Amino acid sequence: MRMYRTRSLLPFLAIAALLLPLAAESPDEVVNPRRADNSFVSDGGGVLSPEYRALIDGVCRELQAKTTAELAVVTVGDLGGLVIEEFAEKVFRRFGIGVKGKDNGLLLLCSRDERLVRLEVGYGLEGDIPDALASRLLEREALAQLRDGRFGRGLFLAARNVAIQAAGDVPLTITEPTAWPAEAVPPKPKNLPQPKKKGKWDPLRSSLYFGGGILAFALLAIGLTMARFNKARGRAARARIAGGTPASVILAWIGGVISFFLVLGFGKDFLTPFVAMLAAPGLATFGRLFTGRVLKKRLDSYHLPCVKCGAAMDMAADSEDDVMLSTEEAAEEKAGGMDYEFWRCPKCGADEKLAVKLGKASKCPQCGRRTLKSSTTTLLAATREQGGRTRTTETCLNPKCNYAKTRESSTPRLSTPSSSSAGSSRPSGSFGGGRSGGGGASRKF
Ligand SMILES: [Zn+2]
Ligand SMILES: [Zn+2]
């Protein structure tokens, strides 16, 4: 009776065993093969026959024995919604593949249902296996086998190629088996969860978005400049709008730098955001400079329209100007705080006086004229040990005013650069405790 009951459970147990690898996997659930059976192969995806598991483990064992480099081969059913790069990095970190300090670890990760394979390379091997080579190692022979569903053969070939490359000058005795063993029959793929958006971030597209935004902003600023230019009355007012250092150019460069680091944070591609974020502010600067030149040229033929009859007025020359200016106004113009323009209508005889504020002198607190000049001299330069002292002298250039003021002020000490603290220690598993810097390559098969 008892026997019968146990036997009746067998079909259910078999179904449960078949369903087990179908559960969505997370990097934290991947079995550490060094702990489980002291091997280098973890077949959570159920795609390796015992013969292939032994073959691949043999490759990893020889590599470790002869070079201390650790190669782990991990298969999973699916990536549980993560992108393979993130999944691989998490498994690599959790296992700590490679000897601590040498960081000579390698992880060959294969996802059965997404049909993705990735080689994650530890810090210490990034020189021997750069990303481009990692990609070629997966491409050579292995990808074709994986594509045809021969997971064992494909992963064996990939592991062998990777091991030979990682061993460098140390010869390995890996030989292909005379007859390829039978492949495992992998479970059928189920409906895949959509990968998270994070992995779909495309540096080229986001660079174009940011760059386009910067250019649109720059165009808007140019349009506003032209509108202000056309609205302004007088030559000095227009010249001030056409020239100078426009804030929009500075903002475009700040925007470029911020965008660059934003885009960089989402992907490993460095060149695309770099070029895009340099090109957009560059174009904005060029566009603004070009606009300034065009506007300045237009200034030469500019005539103020008469408010009474609409005819083009003539501007008085500077020599005539001075006669019409008061002493204070002449002082303001000389100090660079104001510019005065006199226009006369040749048709109706009307005249107009225009005044524009300029920045070379500021308003005097005593006489209220823009005739105040200020200069600062350093009495004692600031160092890291002590602050400095400066003297600021303000003088009013209005001959009818005698305002002058001198004040001394202290400047702060120069700051010392702070030193960074040492890195933290990590728990070591049965692998050596090596780290990866996200180097490697992923391929679809
Ligand atoms: Zn007129
Ligand atoms: Zn004054």
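Just above, that's the structure.
A brief structural summary. (Residues numbered from 1 in each chain as written. Chains lettered and ligands numbered in written order. Predicted model: local features only at pLDDT ≥ 70, side-chain atom pairs only at ≥ 80, totals over all residues. Heavy atoms only, no water.)

## Comments concerning the overall build of the protein
Quick note on the threshold: A run of H or I in DSSP counts as a helix once it spans at least four residues, and a run of E counts as a strand once it spans at least two, with each numbered from the N terminus. Here the term buried applies to any residue with accessible area under 20% of the maximum for its type, exposed to any over 50%, and partly exposed to those in between, with areas from a 1.4 Å probe on protein chains only. Computed with the Shrake-Rupley method and a 1.4 Å probe, the accessible areas treat only the protein chains shown as cover for residues.
Helix and strand counts for the protein come out as 13 helices and eleven strands. By the burial criterion, 41% of the 445 residues in the protein qualify as buried. Counting only carbon and sulfur atoms, one obtains 58% of the accessible surface of the protein, whose full area is about 25,200 Å².

## Some remarks on the coordination of the zinc ion (ligand 2)
Going by this rule: Atoms of type N, O and S within 2.8 Å of a metal are treated as its donors, and for Na, K and Ca the window is 3.2 Å; water is not considered, so some sites may appear to be missing partners. Sites are called tetrahedral only when four donors show all angles between 85 and 135 degrees, square planar or octahedral only when four or six donors show opposite pairs over 155 degrees and all other angles between 65 and 115, and irregular in any remaining case.
The zinc ion (ligand 2) binds to the protein through C364 (SG), C367 (SG), C396 (SG) and C401 (SG), with metal-donor distances spanning 2.3 to 2.4 Å. Here the zinc ion (ligand 2) binds four donor atoms, and the angle range of 104 to 115° at the metal identifies the geometry as tetrahedral. Sequence spacing of the donor residues for the zinc ion (ligand 2), all on one chain, is C-x2-C-x28-C-x4-C. Residue C367 is located in the loop between strand 7 (351-357) and strand 8 (372-380), and its partner C396 is located in strand 9 (residues 388-396); the two are separated by 29 residues in the primary sequence.

## Considerations on the sheet that holds strand 8
Test applied: In this analysis, strands are considered paired if DSSP registers two or more bridges between them. Every axis in this analysis is a line fitted to C-alpha atoms, fitted for helices over the stretch in contact. Angles between the N-to-C directions lie between 0 and 180 degrees.
The strand order 8-9-10 describes an open sheet built from three strands, whose pairing is antiparallel. Unpaired on one side and paired on the other, strand 8 and strand 10 (404-411) mark the two borders of the sheet. Strand-to-strand twist of the sheet, defined as the mean angle between neighbouring strand axes without regard to direction, takes the value 20°. Where strand 9 lies against strand 10, eight bridges are found, and the strand directions are antiparallel. Across the sheet, the residue bridging to T393 is T406, located in strand 10.

## Some points on the side chain of N32
Using the following cut-off: For this analysis, residues touch if any pair of their heavy atoms sits within 4.5 Å.
Structurally, the position occupied by N32 is in the loop between helix 1 (2-19) and helix 2 (33-36). The buried category is assigned to N32, whose relative accessible area is 9%. Ignoring sequence-local partners within four residues, the contact set of N32 consists of F95 and F431.

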